[in-house]
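Structural overview
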Amino acid sequence: MFDKLEDLERRFEEIQNEIAEPGVTNDQSRFRKLMREQSELGALVDKYREYKKTKQVIDESLEMLDVENDEDMREMLKEELNEAKQRIPEIENELKILLLPKDPNDEKNVVVEIRGGAGGDEAALFAAELYRMYSKYADAQRWKIELVSFNESGIGGFKEVIFMVNGKGAYSKLKYESGVHRVQRIPVTESGGRIHTSTATVAIMPEAEEVDVELNMNDCKFDVFRASGNGGQCVNTTDSAVRLTHIPTGIVISCQDEKSQLKNRDKALRVLRAKLYELELEKAHDAEAEARRSQVGTGDRSEKIRTYNFPQSRCTDHRIKLTLYTLDDVMNGDLTQLVDSLTAADQAAKLLKMSEAEA
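Keep in mind that this is a model prediction, so the values were computed, not measured.

Some details on the overall build of the chain
Helix and strand counts for the chain stand at 9 helices and 11 strands. Taking all 359 residues of the chain together, the buried fraction comes to 41%. Accessible surface for the chain amounts to roughly 19,900 Å². Of this, 47% is attributable to carbon and sulfur atoms.

Things to note about the nonpolar core
Core analysis: the biggest nonpolar cluster contains 35 residues, and I114, L130, Y134, F163, V165 and Y308 have the highest contact counts within it. Going through the elements one at a time, β1 (110-116), α4 (120-140), β3 (158-166), α5 (170-174), β5 (196-206), β11 (322-324), α8 (327-331) and α9 (336-358) are the ones with two or more residues in this core. With sequence-adjacent residues up to four places away left out, L130 is seen in contact with I114, H181, A200, V202 and Y308. Grouped together as the second largest cluster of nonpolar side chains are 21 residues, I162, L272, A274 and L281 included.

Notes on the sheet that holds β5
Reading across from one edge, β2-β3-β1-β5-β4-β9-β10-β11 is the order of the 8 strands in this open sheet, with mixed pairing throughout. Each of the sheet's edge strands pairs with one partner strand only, and the pair in question is β2 (144-152) and β11. Taking the axes of each pair of neighbouring strands and ignoring which way they run, one obtains an average angle of 15° across the sheet. Along the sheet, α4 contacts β1, β2, β3, β4 (179-185), β5 and β9 (304-309); its crossing angle with β4, the most-contacted strand, is approximately 110°.

Observations regarding the packing of helix α1 (residues 2-20) against helix α3 (residues 71-99)
Two packed helices can be described by the angle between their axes and the distance between those axes. Put simply, α1 and α3 touch, their axes get as near as 12 Å, and they point 65° apart. On the basis of their axis angle, the class for α1 and α3 is roughly perpendicular. Between α1 and α3 the crossing geometry is left-handed. Contacts between α1 and α3 involve F2, K4, L5 and L8 on the former and, on the latter, E92, L95 and L99. Looking at the contact of α1 with α3 residue by residue, the class counts come to 5 nonpolar, no polar and 2 charged.

Brief notes about the sheet that holds strand β6 (residues 220-225)
In spatial order, the strands read β6-β7-β8; together these 3 strands make up an open sheet with antiparallel pairing. Each having just a single partner strand, β6 and β8 (251-255) make up the two edges of the open sheet. Averaged over neighbouring strand pairs, the angle between their axes works out to 15° when direction is ignored. Summarising the sheet, β6 and strand β7 (residues 241-246) pair through 6 bridges and their orientation is antiparallel. Bridge assignment links D223 to a residue of β7, and that residue is R243.

Quick look at the side chain of D317
Residue placement: D317 occurs in strand β10 (residues 314-317). A polar contact of 3.1 Å, which involves the side chain of D317, links it to the side chain of R306. What D317 contacts, discounting residues up to four positions off in sequence, is I305, R306, L322, L338 and L342.

Quick notes on the packing of aromatic side chains
If you walk through the whole model with that rule in mind, you get 7 aromatic pairs. Residues F2 and Y51 carry aromatic rings whose centres are separated by 4.9 Å and whose planes lie at 25° to one another, so their mutual orientation is stacked. A residue pair is termed long-range when its members are at least 10 positions apart, and F2 in helix α1 and Y51 in helix α2 (residues 28-67) qualify at 49 residues. What makes Y51 buried here is its relative accessible area of 9%. Geometrically, the ring pair formed by Y48 and Y51 is stacked, given 6.4 Å between the ring centres and 15° between the ring planes. In this pair, Y48 and Y51 are both assigned in helix α2, 3 residues apart and thus about one turn of the helix distant.

Considerations on the pattern of salt bridges
Pairs can form between side chains of opposite charge once their charged atoms are near each other. Considering all chains together, one arrives at 31 salt bridges under this definition. Residues D106 and K175 are paired through a salt bridge, measuring 2.9 Å at the closest nitrogen-oxygen approach. In this pair, D106 is assigned in the loop between α3 and β1 and K175 in the loop between α5 and β4, connecting sequence segments 69 residues apart. Per residue, the accessibility class of D106 equals that of K175, and both read buried. One network of salt bridges, with partners in common, ties together R11, E14, E18, E21, R30 and E37.

Topic: the environment of V252
Mapped onto the secondary structure, V252 falls in strand β8. You can call V252 partly exposed: its relative accessible area is 47%. A sequence separation of 16 residues divides V252 from A268, and the C-alpha atoms of the two residues are 9.2 Å apart. If sequence neighbours within four positions are ignored, V252 has contacts with R243, L244 and T245.

Brief notes about the confidence of the model for the chain
In this model, the chain carries an average pLDDT of 87, and 90% of its residues clear a pLDDT of 70 or more. Ignoring residues within four places in sequence, the model shows residues 230-237, a span with pLDDT below 50, making 12 contacts including any to other chains.

Describing the packing of α2 against α3
Running from N to C, α2 and α3 point in directions that differ by 155°, and their axes come no closer than 9 Å. Considered as vectors, α2 and α3 are oriented roughly antiparallel to each other. Once α2 is placed against α3, the crossing between them reads as left-handed. Within the contact of α2 with α3, the residues separate by chemical class into 17 nonpolar, 2 polar and 10 charged.

So, how was this worked out
- Residues numbered from 1 in each chain as written.
- Predicted model: local features only at pLDDT ≥ 70, side-chain atom pairs only at ≥ 80, totals over all residues.
- Heavy atoms only, no water.
- Helix = DSSP H or I, 4+ residues; strand = E, 2+ residues; numbered from the N terminus.
- Buried < 20%, exposed > 50% of the residue type's maximum accessible area, 1.4 Å probe, protein only.
- Areas by Shrake-Rupley, 256 points an atom, 1.4 Å probe, with all protein chains shown as cover.
- Core = buried A, V, L, I, M, F, W, Y, C linked by side-chain atoms within 4.5 Å.
- Contact = heavy atoms within 4.5 Å.
- Pairing = 2+ DSSP bridges.
- Axes fitted to C-alpha atoms, helices over the stretch in contact; angles between N-to-C directions.
- Parallel < 35°, antiparallel > 145°, perpendicular 65-115°, else oblique.
- Left-handed = near helix turned anticlockwise from the far one by under 90°.
- Nonpolar A, V, L, I, M, F, W, Y, C, P; charged D, E, K, R; others polar.
- Polar contact = N/O pair within 3.5 Å; in protein donor to acceptor, adjacent residues only side chain to side chain.
- Phe/Tyr/Trp six-rings, centres within 6.5 Å; stacked < 30°, edge-to-face > 60°.
- Salt bridge = Lys/Arg side-chain N within 4 Å of Asp/Glu carboxyl O.
- pLDDT = per-residue confidence, 0-100.

What follows is the structure, given as structure tokens:
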């Protein structure tokens, strides 16, 4: 591990020297690549330097203890030595986490698809609440939300809603949200006061760039139609909505959020690329079944991942057996504890697998 860290530190210093060269900004492509690589290595190199500095403190404290006679000074040196020794295994674990292979999609924007499942109108209402939950979480992260399409139910819910989340690291924090979300509560439509269980399905897809997916436009059929629902004057009076059909897969995407037909067409293509990219990722995951099992959850849309129990104000994530009694905060977009716990559990599973492979 430490040979690799030495190599990465040398590479980090090389990058810094290259960035400092005069005229490096003349080649913007090379400059962006260097800056991105510097950013990716920065945290790891900083942690490795902290490790070396802590080791140095241990060596110097031991040397001074051999020659120091003053008892007060010796006590101070022993305290410093003990603190450094306790810190070493912590830093080593942090270094192992930083050395874990990065998910190449982590920094990407995401396409989110929420569908009401079992439970009719109540499921649609829950789907709308999940949309608001993710929107508020995105606002807190300073990400931008772009609505793509939605199919409303009669009482303010969503049978289906598709939207994009644009922001640094969006996929890294939202990727564990794919699956079945279950709600337990007394529906507004229930007159008898009985608790019902309903579900909604969430799919999180990394946005694919053109280089990620080879898309033949001859495979795409576009239809235009007049948008329905809420919108500005032009939305409901012009044929601005777009329906995109991908003929080989049968995937159909409708987009009517923008007043411009061209903008709706562009959004529909972005969603299609994300869906096709997800299909490719699923094939790769199936081929790496063992690696997939080592992760927290499978990302499968049919997997029940979380229960939101309103009478008990309880939110339970079944994959990591975490229960929070702060449901109001969660529904208002405070997903930090859930996201951090899922990330930590995933890292722990990968570290375990790495140590088993080394044994």
